[in-house]
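# Geometric and topological summary
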Amino acid sequence: MNIGEIARRAGVSRSTVSYALSGKRPVAANTRRRIQDVINELGYRPNATARALKEGRTRTIGLVIPPAGNRLTHMQLDFVASVVDAAARVDLDVLLSPSGGDHDRSFERLVSESRVDGVILMEIRLEDTRVGRLQDAGLPFVGIGHTAGDQEMSWIDVDYADLVQRCVHHLADLGHRQVALVTRSRELISAGYGPARRASEGFEAALAERGLDGIEVPCGDDARSGQECVEALLRSHADLTAVTTINEAALPGIQRALADSGLQVPYDFSITGVAAKTWAEDFRPPLTAADVPALEMGEKAVSLLVERIAAPDTPPRHILLTPPISLRSSTAAAPAGRHARANRAAH
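Keep in mind that this is a model prediction, so the values were computed, not measured.

Broken down by element type, the chain carries 15 helices and 12 strands. By the burial criterion, 51% of the 347 residues in the chain qualify as buried. As presented, the chain carries roughly 16000 Å² of accessible surface, and 48% of it is formed by carbon and sulfur atoms.

Structure follows, in structure tokens:
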């Protein structure tokens, strides 16, 4: 039960309930009694963190998202929705602010103009100037992802190195000997995008451990790029039988490229990767993947940020998630070879 529900039942605004609880502004006696009656009826007890937050200046948190011109993936959209819902449950509003490219001024306004009590920062780079700016400003924040030197920041992240490594081991167990990693765009990789760098580390480690041939290819975050990427891979690597990916936005294009080449998933070609559950289940056939728990991450990020706002001197916390690989229908035993597949397709 939250302040919004109390306000609805008492027939007043959320701010009126907040003022009645905090005493920051006078509230008419009859209105206060009505609010108290609802509180007594519902058994509402604000928790210690919420009481600490009542001294916040804005009761608003900032969510720094990728540039508005970029189409957010399902994973990112799930995360944004989860942050908004989790914030509402503790009576906080969320201000969305794009960052990157021409949007740096938006981020600077968020930091310097006291618009928010804290910030959740998405798409972290290994070396990220935004992290330093938030630290210099003394503004509480939580990273979705973490920098190379992350000791002073609180963050929540997915263990991309471990997940990609496990995806490759799964393919090796099925007999695949040549595997490709379809990663993120060249621009993100060159900018030091954390998940791409860590996925590459996991990929290389698994190749070495299992003695596999592998190729890593950058790919734009869209279906067309995914199609072009896999078409080029199929032309240049005749013995390629499997792909793993961290680029969920490219998945529809990957699917189209394989279908256009006459390759049937999973009998001719296997695909696995790290993706939001929605993308994995919408893939045909459903994708064997580590399902990124975006909704859980959003809730945990808000909880971490509320802690930082209420008690900024507490030690930073780090949460690294390693979801299991969900075995679906997109992986199978390695085929005999490209020529055998071609002959079967011809008949």
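Moving on: the sheet that holds strand β11 (residues 318-321). Read across the open sheet, the 6 strands follow the order β2-β1-β3-β4-β5-β11; overall the sheet is parallel. The open sheet has two edge strands, β2 (93-98) and β11, and neither has a second partner. Each neighbouring strand pair of the sheet contributes to a mean axis angle of 15°, computed without reference to strand direction. Both strand β5 (residues 154-158) and β11 contribute to a ladder of 4 bridges, which runs parallel. Residue pairing in the sheet places I156 in a bridge with I319 of β11. Running at roughly 175° to strand β1 (residues 60-65), helix α5 (residues 74-89) makes contact with β1, β2, β3 (118-121) and β4 (141-144) of the sheet. Where helix α14 (residues 294-310) meets the sheet, it contacts β1, β3, β4, β5 and β11, and its direction lies at approximately 155° from that of β4.

All right, on to helix α1 (residues 3-10) then. Buried within α1 we find I3, E5, I6, A7 and A10. Where α1 ends, the next residue or the one after it, G11, has phi of about 75°, a positive value.

Turning our eyes to something else, we now look at the packing of helix α8 (residues 160-173) against helix α10 (residues 194-210). Look at α8 against α10: their axes get within 7 Å of each other, and the N-to-C directions meet at 35°. In the crossing of α8 with α10, the sense of the turn from one axis to the other is right-handed. For the pair formed by α8 and α10, the contact residues are Y160, A161, V164, Q165, V168, H169, A172 and D173 on the first element and P195, R198, A199, G202, F203, A205, A206, L207, E209 and R210 on the second.

Counting through the fold element by element, H146 comes out in the loop between β4 and β5. Reaching out from H146, the side chain makes a polar contact with the side chain of D157 at a distance of 2.9 Å.

Taken in spatial order, the 6 strands line up as β7-β6-β8-β9-β10-β12 in an open sheet, and their pairing is mixed. For this open sheet the edge positions go to β7 (213-217) and β12 (325-326), each flanked by a neighbour on one side alone. Bridge count between strand β10 (residues 288-292) and β12: 2 bridges; the pairing is antiparallel. The partner of A289 across the bridge, within β12, is S326. Here α10 sits on the sheet in contact with β6 (178-182), β7 and β8 (242-245), set at roughly 170° to β7.

A word on the environment of G192. Along the chain, G192 turns up in the loop between α9 (186-190) and α10. Looking at G192, the relative accessible area reads 7%, which means it is buried. Along the backbone, G192 and I124 are 68 residues apart, and their C-alpha atoms lie at a distance of 8.7 Å. Among residues more than four places away in sequence, those in contact with G192 are R125, L126 and R197.

As a further point, take the pairing of β6. Among the 5 residues that make up β6, 5 are buried, leaving the element largely enclosed by the rest of the structure. Taking every second residue as pointing to the same face, both faces of β6 are buried, with Q178, A180 and V182 on one and V179 and L181 on the other. Where β6 and β8 come together, 4 bridges link them in parallel fashion. Along β8, the bridge assignment pairs V179 with A242.

Another aspect to go through is the confidence of the model for the chain. The predicted model of the chain averages 88 in pLDDT, with 89% of residues at 70 or higher. Contacts of residues 339-347 to residues separated by more than four positions or lying in other chains number 10 contacts, the stretch itself having pLDDT below 50.

Where α5 meets α14, the closest approach of the two axes is 7 Å, and the angle between their N-to-C directions is 40°. Of the possible angle classes, the one that applies to α5 and α14 is oblique. The hand of the α5/α14 crossing is right-handed. Every residue of α14 that contacts α5 at M75, D78, F79, S82, V83, A86, A87 and R89 is listed here: A294, L295, M297, G298, E299, A301 and V302. Each residue belonging to the contact of α5 with α14 can be placed in one class, and the counts come to 10 nonpolar, 2 polar and 3 charged.

On to the state of the cysteines, then. Taken as a whole and assessed by the stated rule, the structure comprises 0 disulfides. The cysteine C219 is free of any disulfide, with C229 supplying the nearest cysteine sulfur at 4.4 Å.

The final tally for this structure, using the stated rule, is 17 salt bridges. We note a salt bridge from D291 to R328, for which the minimum N-O separation is 2.6 Å. Highlighted residues: D291 in strand β10 and R328 in the loop between β12 and α15 (338-346), separated in sequence by 37 residues. With relative accessibility at 13%, the residue D291 sits in the buried group. For the salt bridge of E296 with K300, the shortest nitrogen-to-oxygen distance reads 3.9 Å. Taken as a pair, E296 and K300 lie in helix α14 at a separation of 4 residues, close to a single helical turn. Owing to a relative accessible area of 30%, K300 belongs among the partly exposed residues under this scheme. A single network of salt bridges, built from pairs that share partners, joins R14, R59, D91 and D93.

Rules and cut-offs
In this numbering scheme, every chain counts its residues from 1 along its sequence in written order. Local features are withheld for residues below a pLDDT of 70 in this predicted model, meaning they are given only at 70 or higher, and side-chain atom pairs are given and counted only at 80 or more; totals for whole chains, interfaces and linings count all residues. Hydrogens and water are ignored here; the side-chain numbers use all heavy atoms of the structure. A helix here means a DSSP run of H or I that spans at least four residues, while a strand means a run of E at least two residues long, and both kinds are numbered starting from the N terminus. Note on classification: 1.4 Å probe, protein chains only; a residue is buried when its accessible area is under 20% of the maximum for its type, exposed when over 50%, partly exposed between these limits. Accessible areas in this description were obtained via Shrake-Rupley with a 1.4 Å probe; residue shielding takes into account the shown protein chains only. Any two strands are treated as partners once DSSP identifies two or more bridges connecting them. For every element, the axis is a line fit to its C-alpha atoms; helices are fit only across the contacting stretch, and the angle between N-to-C directions ranges from 0 to 180 degrees. By definition, residues are in contact when any of their heavy atoms lie within 4.5 Å. By definition, any crossing whose near helix is turned counterclockwise from its far helix by less than a right angle is left-handed, and any crossing with a clockwise turn is right-handed. The definition of a polar contact used here is a pair of N or O atoms within 3.5 Å, where within protein one atom must be able to donate a hydrogen and the other to accept one, and adjacent residues in sequence count solely through side-chain atom pairs. pLDDT measures the predictor's confidence residue by residue and takes values from 0 up to 100. Small angles under 35 degrees read as roughly parallel and large ones over 145 as roughly antiparallel, with 65 to 115 read as roughly perpendicular and the rest as oblique. Three residue categories are used. Nonpolar comprises Ala, Val, Leu, Ile, Met, Phe, Trp, Tyr, Cys and Pro, charged comprises Asp, Glu, Lys and Arg, and polar comprises the others, including Gly. Note that a disulfide, as used here, is simply two cysteine sulfur atoms within 2.5 Å. Any carboxyl oxygen of Asp or Glu within 4 Å of a side-chain nitrogen of Lys or Arg constitutes a salt bridge here.

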